Amino acid sequence: MPPQLNKSLIVVALLGVLAAGCSAASTTHAPATHSTVPASSPAATPKTQPAPSTQPPAPPAAPPTSSAPPPPPPSSNAIPQGNGGDHDADNNGGPSDGDGNI
Amino acid sequence: MATSSRAAIGFIAAVLVAVLAGCGMAAASHQVSDRPAGTVAPVRGTTAVPPVRGLAVRPAPAGWRRAALPGDQAVLAYPPSMHLVSGDPGTVSAAQLSSSGAYLMYLNATPRQGTESLRNWPAFRLRHLLDDDASAARLLAQSRGVSFAGGTGSCIVDAYVTKIHRHHYTELACYVQGRTSASVIIAAAPTAGRATLPRALTRAVGAYQTR
């Protein structure tokens, strides 16, 4: 095998490792997610509405393994929407209040 | 053959540099500033920072109304265009609604309820938004050491999308530590094109009094 080809293979391997590391690092910043979708309507109405399925899409599929990975555990403080939680406006599409736990 | 191999190596090296640069930019876009005091500072990599000029401590304008938290822990001032609306027990909320009942401006004062603090407020608030109401939340600016009447605060400006109806709001959210109590003040309005807040809301935050 020509020496140049060996070098190419080494560089390609290094590239793969760095790309994987970069991808993993970017997922550690989950709290600040981005949304560039313009507002579809100006504001919420303070009315009770059923909960739509607006959860963010599932993360990209992991490499094939012998068994499917278990789903991520739910948040320890996930508030049910659709007049859930403390039944106030922010559980119905209104602005979020300043409560610290519900 | 040797020439083509060198060209291939050069190409791969260029791709490697581009990947590293992209990785660095992605990391930078999530950085948050940690300024000790002063006006709310924009997060590096963001552009649409709403105006927060009204954050300076100033008494509420004449004609504004006031509502106190239980025990007079804090006093929320709100303009006459807003009126008190129902909220969690022990909290105070005021809103201006459209003719169809949609929120145009929203203020809320809530006594400290959880583990929020001056130090952890930015992360706490974003995490709570995502746990509670929002499918997405984006930090736009933050500041610590913000002066309030009777105390000091940690503030963020963020934009979020509600899980219900996917409404877009921009909020100025401050955790305010007084001498004997701590509370949270929220000022929010629909995000219209770019993240901005009505001046009346930032003025209301600047007039927030704690003890």
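Look a little higher up for the structure.
Residues numbered from 1 in each chain as written. Chains lettered and ligands numbered in written order. Predicted model: local features only at pLDDT ≥ 70, side-chain atom pairs only at ≥ 80, totals over all residues.

## Focus: the overall build of chain A
Helices and strands together make up the secondary structure of chain A, namely 1 helix and 0 strands. Taken over 102 residues, chain A has a buried fraction of 17%. The contacts of chain A with a sequence gap of at least 6 include a subset with a gap of at least 24, amounting to 52%. (Helix = DSSP H or I, 4+ residues; strand = E, 2+ residues; numbered from the N terminus. Buried ≥ 20, exposed ≤ 12 C-beta atoms within 10 Å, placed from the backbone. Contact = placed C-beta atoms within 7 Å.)

## Here's the deal with the sheet that holds strand 2 (residues 65-68) of chain B
Residue and element names in this part refer to chain B. On the basis of which strands lie adjacent, the open sheet formed by 3 strands has the order 2-3-11 and antiparallel pairing. If you trace the sheet from one side to the other, it starts and ends with strand 2 and strand 11 (209-210), each paired once. When strand 3 (residues 74-78) meets strand 11, the two strands line up antiparallel, connected through 2 bridges. From the neighbouring strand, V75 faces strand 11, where its bridge partner is Q209. (Pairing = 2+ DSSP bridges.)

## With respect to helix 2 (residues 121-132) of chain B
Residues that lie three or four places apart on an α-helix share one face, since the helix turns once every 3.6 residues. Here helix 2 of chain B contains 12 residues, and its C-alpha end-to-end distance of 16 Å stays within 8% of the 16 Å for a straight helix at 1.5 Å per residue. Most of helix 2 of chain B sits inside the fold, with 9 of its 12 residues counted as buried. (Expected span 1.5 Å × (residues − 1).)

## Here we look at unusual backbone geometry
All names here are of chain B. A positive phi angle, near 55°, is found at D72, a position not held by glycine. Tracing the backbone shows D72 in the loop between strand 2 and strand 3. Its 11 C-beta neighbours within 10 Å are what place D72 among the exposed residues.

## Some words on the pairing of strand 6 (residues 103-111) of chain B
Residue and element names in this part refer to chain B. For strand 6, a buried count of 8 out of 9 residues is recorded, marking the element as mostly surrounded by other parts of the structure. Bridge count between strand 5 (residues 92-97) and strand 6: 6 bridges; the pairing is antiparallel. Each residue of the ladder has a partner; that of V92, found in strand 6, is A109. Connecting strand 5 to the antiparallel partner strand 6 that follows it, the hairpin turn spans 5 residues, and G101 within it adopts a positive phi of roughly 90°. In this structure, strand 6 lies alongside strand 10 (residues 182-190), joined through 6 bridges in antiparallel fashion. The residue of strand 10 that forms the bridge with Y106 is A188.

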